Amino acid sequence: SAPVQVQLVVPIAVVFGPGSVPVDLPRPLPFRDVQEMEISVNLRTSVTSRYEMFYRSTTAQEEAALAAATAQEADAALHLLQDTTLGSLTVYVVPETSSLLPQGINVYVGKHRSALVRAGGSLAALQARLQEVTQLMSFTAGSIAAALSDRVPNGHLSPDARRYLKSSLGYEITFSLLNPDPKSHTVDWDIEGAVNRYVKPVLDKLSLVANFSVDSQILYYAVLGVTPRYDKESSSFLLSAHSLPHVINPVEARLGSSAASLYPVLNFLLYVPERSHSPLYIQDKDGAPVSTNAFHSPRWGGIMVYNVEAPASPQASLPLHVDVDMARVMEVFLAQLRLLFGLSREEVPPEFLLESPGNEGLADWELDHLLWAHTVENIATVSTTLTSLAQLLDKIGNIVIKDDVASEVYQAVASVQSAVAKLSRGHLLSAFQASKEAVTSSEKAFFDPSLLHLLYFPDDQKFAIYIPLFLPMAVPILLSLAKIVRESRQRKKEPTKMD
């Protein structure tokens, strides 16, 4: 497919607070500086990252905000003063001795688009820290490679890369409660309240990225496909890590949501084990119990096992009434949702402190993280789709391309060019929107009904279909034609009788 050349530009303001300016600055503030890096993906895709740094001193208002007692308060006050354009970053440099950051912490990443960084003495030390911050808060080579995972040779990817969901215009989220033993348990879950309280704030924030729809269901007599192993010591039942993949297939047959869906479906399953297999615990690869009693499946969703307290008296009447603690369940499901979108916060250096995003579920810079990756992925997808379409049309000689298909192709090309141009100017949001329009147009062109029948009925297939039909009819016709020809020849040979 066609080579993709993308330049990702991140505008970064580096703001020096009082007493934090390194002695070895190359020239007086304010000044601009540019750092470029090549992200090597593969031969057909060249991605350059370009950090456009603007170094300046704090304004009086920013200085006042930095005088706050804690980093959280400073972050909240600075948020009102800074550039909040998507994809841009502001890094405030505080003196080496600042008490704003806790002991041993050199970088504090807020919940918006800014960070606080200790000066570190020299410009070189500061720049090393700045590089770590900008990579964390915008994109890493790994996140861009993961976005282009379909174009990257298998060996070159981190194992996580294929875990993330593909970029899509929409996602459907289904919460399912599985009660395999309704004779023993009556399970109540306030899924509507929980979705409004825990899931909606996250999806509102993600609504920039895609459309989301949420539904829920309760399935009775739905069992896991694996019989758990009884453990005498703990008198409980165990599911080992290697058996977890076999749990999903039988359950998925009962879910029935993905068949009718246009968009990827994320399944979150809460499983209340039957009384004969309670309590049920999940073990990791090393045989240790998993603290959340849950596991996730890449690009599919997650399952959490919810054990029911055994009744105190054996004479307790069945079914037992179970009220699900939704806060505990939603904490697990939201963590799995973040994992599926590639927003897990695992690889952070020890001297970094990351502010918790609160009930919004993700920080502003994490939203940017998704937008960077999805924009690059959309551009690559459109380029692949249009290339495939062009190759296809080359192969089919007698094709007629209707005007509306042509205009969708032109529209897709224009939108991709616009997305690439906007990325190179550092306009992340408009680049992402253009890339989404390009995907829509290229899919419309590729799946246009006027082209579909040509894909499925090329000429050689037509012959293959019609010859068996016409051959039986053709045989008697050809034989009688041959007979007519023979008879007419014989007539010519026979001399006319002369009286």
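- Per an unreviewed UniProt entry, the protein chain goes by the name PIGS transamidase and belongs to Climacteris rufus.
- For the protein chain, the Pathway (unreviewed entry) comment in UniProt is given as "Glycolipid biosynthesis; glycosylphosphatidylinositol-anchor biosynthesis."

### Concerning the overall build of the protein chain
Thought 1: Scanning the protein chain for helices and strands turns up twelve helices and 17 strands.
Thought 2: Looking at the protein chain as a whole, 46% of its 499 residues qualify as buried.
Thought 3: Taking contacts inside the protein chain between residues at least 6 apart in sequence as the whole, the part at least 24 apart equals 75%.
Thought 4: Surface accessibility of the protein chain: about 25800 Å² in total, with carbon and sulfur atoms responsible for 57%.
Thought 5: Between the averaged position of the 40 positive side-chain charges in the protein chain and that of its 52 negative side-chain charges there is a distance of 11 Å.

### Here's the deal with the packing of aromatic side chains
Thought 1: This model, assessed by the stated rule, comprises 13 aromatic pairs.
Thought 2: Ring geometry for Tyr 171 and Phe 341: centres 5.2 Å apart, planes at 80°, overall edge-to-face. Taken as a pair, Tyr 171 in strand 7 (residues 170-179) and Phe 341 in the loop between helix 7 (326-340) and strand 17 (352-354) lie far apart in primary sequence, 170 residues in all.
Thought 3: Ring centres of Tyr 466 and Phe 470 lie 6.3 Å apart, and the angle between their planes is 35°; on these two criteria the pair is classed as tilted. In this pair, Tyr 466 and Phe 470 both sit in helix 12 (residues 459-493), four residues apart, roughly one turn of the helix.
Thought 4: Taken together, the ring pairs connect Phe 16, Phe 31 and Tyr 55 into an aromatic cluster.
Thought 5: Over the face of the ring belonging to Phe 54 we find Arg 32, whose NZ or CZ atom lies 4.4 Å from the ring centre.

### Points about the sheet that holds strand 9 (residues 211-220)
Thought 1: Reading across the sheet, the five strands line up as 9-7-12-15-14 and stay open at both edges, with mixed pairing between neighbours. Only two strands of the sheet have a single neighbouring strand rather than two, namely strand 9 and strand 14 (294-297). Strand after strand, the sheet turns through a mean of 15° between neighbouring axes, direction not considered.
Thought 2: Strand direction decides the pairing type here: strand 14 and strand 15 (residues 301-305), joined by four bridges, are antiparallel.

### Details of the packing of helix 8 (residues 364-395) against helix 10 (residues 428-446)
Two packed helices can be described by the angle between their axes and the distance between those axes.
Thought 1: Orientation of helix 8 relative to helix 10, taken along the N-to-C sense of each, is 30°, at an axis distance of 9 Å. As judged from the angle between their axes, helix 8 and helix 10 are roughly parallel. Taken as a pair, helix 8 and helix 10 cross one another with a handedness that is left-handed. When helix 8 is examined against helix 10, the residues Asp 368, Leu 371, Trp 372, His 374, Thr 375, Asn 378, Ile 379, Val 382, Thr 385, Leu 386, Ser 388 and Leu 389 are found in contact with a partner set consisting of Leu 428, Ala 431, Phe 432, Ser 435, Lys 436, Ala 438, Val 439, Ser 442, Glu 443, Ala 445 and Phe 446.

### Things to note about the pattern of salt bridges
Pairing is possible between side chains of opposite charge, provided their charged atoms come close.
Thought 1: Per the counting criterion, the structure on display carries eleven salt bridges.
Thought 2: The shortest N-O distance in the salt bridge between Glu 52 and Arg 50 comes to 2.9 Å.
Thought 3: Taking relative accessible area as the criterion, Arg 50 reaches 23% and is therefore assigned partly exposed.
Thought 4: In this structure, Glu 377 engages Lys 166 in a salt bridge whose closest nitrogen and oxygen atoms are separated by 3.4 Å. Of this pair, Glu 377 sits in helix 8 while Lys 166 sits in the loop between helix 4 (141-147) and strand 7, and the two are 211 residues apart along the sequence.
Thought 5: Salt bridges linked by common partners bring Arg 113, Lys 205, Glu 360, Asp 364 and Asp 368 together as one network.

### Looking at the side chain of Glu 62
Thought 1: Counting through the fold element by element, Glu 62 comes out in helix 1 (residues 60-66).
Thought 2: Only 3.0 Å separates the side chain of Glu 62 from the backbone nitrogen of Thr 59, close enough to count as a polar contact.
Thought 3: Residues in contact with Glu 62, not counting those within four places in the same chain, are Val 15, Arg 56, Ser 57, Leu 78, Leu 81 and Tyr 92.

### Considerations on the sheet that holds strand 11 (residues 236-239)
Thought 1: With mixed pairing, the three strands of this open sheet are ordered in space as 10-11-13. With partners counted over all chains shown, the strands left at the sheet margins are strand 10 (229-231) and strand 13 (280-282), one partner each. Going across the sheet, the axis of each strand differs from the next one's by a mean of 40°, ignoring polarity.
Thought 2: Pairing between strand 10 and strand 11: three bridges, direction antiparallel. Each residue of the ladder has a partner; that of Tyr 230, found in strand 11, is Phe 237.

### Observations regarding the UniProt feature "transmembrane region" (unreviewed entry) in the protein chain
Thought 1: The UniProt entry lists residues 463-485 under the feature "transmembrane region" (unreviewed entry), expressed in the numbering used here.
Thought 2: Regarding residues 463-485, the helix share stands at 100% and the strand share at 0%, and the terminal C-alpha atoms are separated by 28 Å.

About the thresholds
Residues numbered from 1 in each chain as written. Predicted model: local features only at pLDDT ≥ 70, side-chain atom pairs only at ≥ 80, totals over all residues. Heavy atoms only, no water. UniProt positions renumbered as here; feature names shortened; annotations may be inferred. Helix = DSSP H or I, 4+ residues; strand = E, 2+ residues; numbered from the N terminus. Buried < 20%, exposed > 50% of the residue type's maximum accessible area, 1.4 Å probe, protein only. Contact = heavy atoms within 4.5 Å. Areas by Shrake-Rupley, 256 points an atom, 1.4 Å probe, with all protein chains shown as cover. Lys, Arg positive; Asp, Glu negative; His and termini not counted. Charge placed at Lys NZ, Arg CZ, Asp CG, Glu CD. Phe/Tyr/Trp six-rings, centres within 6.5 Å; stacked < 30°, edge-to-face > 60°. Lys NZ or Arg CZ within 6 Å of the ring centre and 35° of its normal. Pairing = 2+ DSSP bridges. Axes fitted to C-alpha atoms, helices over the stretch in contact; angles between N-to-C directions. Parallel < 35°, antiparallel > 145°, perpendicular 65-115°, else oblique. Left-handed = near helix turned anticlockwise from the far one by under 90°. Salt bridge = Lys/Arg side-chain N within 4 Å of Asp/Glu carboxyl O. Polar contact = N/O pair within 3.5 Å; in protein donor to acceptor, adjacent residues only side chain to side chain.

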